[in-house]
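Structure at a glance
Take a look at the letters that make up each chain.
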Amino acid sequence: MAGKTIAMNKLREVIILFQRGASVKQTARELGIGRNTVRRYRRRLESREHKLEELLAMEGPELHS
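The paragraphs below set out a description of the structure included in this document. (Residues numbered from 1 in each chain as written. Predicted model: local features only at pLDDT ≥ 70, side-chain atom pairs only at ≥ 80, totals over all residues. Heavy atoms only, no water.)

Here we look at the overall build of the protein
Defined as follows: Labels follow the DSSP assignment, with helices taken as runs of H or I lasting at least four residues and strands as runs of E lasting at least two, numbered in each case from the N terminus. The buried label applies to any residue whose accessible area, calculated with a 1.4 Å probe on protein chains only, is under 20% of its type's maximum; exposed applies above 50%, and partly exposed to all values in between. Contacts were defined at the residue level, with two residues in contact if any of their heavy atoms lie within 4.5 Å. Each accessible area value is a Shrake-Rupley result obtained with a 1.4 Å probe; residue values ignore everything except the protein chains displayed when judging cover.
Tallying secondary structure elements over the protein gives five helices and zero strands in all. When its helices and strands are written in sequence order, the protein yields α-α-α-α-α. Of all 65 residues assigned to the protein, the portion counted as buried reaches 31%. Across the protein, every contact between residues at least 6 apart in sequence was considered, and the portion connecting residues at least 24 apart equals 54%. Summed over all atoms, the accessible surface of the protein reaches about 4,700 Å², with 48% contributed by carbon and sulfur.

What about the environment of Gly32?
Note on placement: Gly32 falls in the loop between α2 (24–31) and α3 (35–47). Of the residues examined, Gly32 reaches a relative accessible area of 62% and is grouped as exposed.

Concerning the environment of Gln26
Within the secondary structure, Gln26 is located in helix α2. Residue Gln26 is classed as partly exposed on the basis of its relative accessible area of 36%.

Structure representation (structure tokens):
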């Protein structure tokens, strides 16, 4: 299943948990997704110029891109 994307609601949850300082392992366990998936999305979030609050305010398609 390598390369699969996660649902937008799960991505929003990853962002929220990232904001709260949750660990990768804790986030993966809580959302039922793989640790490497959480790591991949966190790296993407860290490399973005947008603030996490701005990302949470985006609509699904915009956030997906």
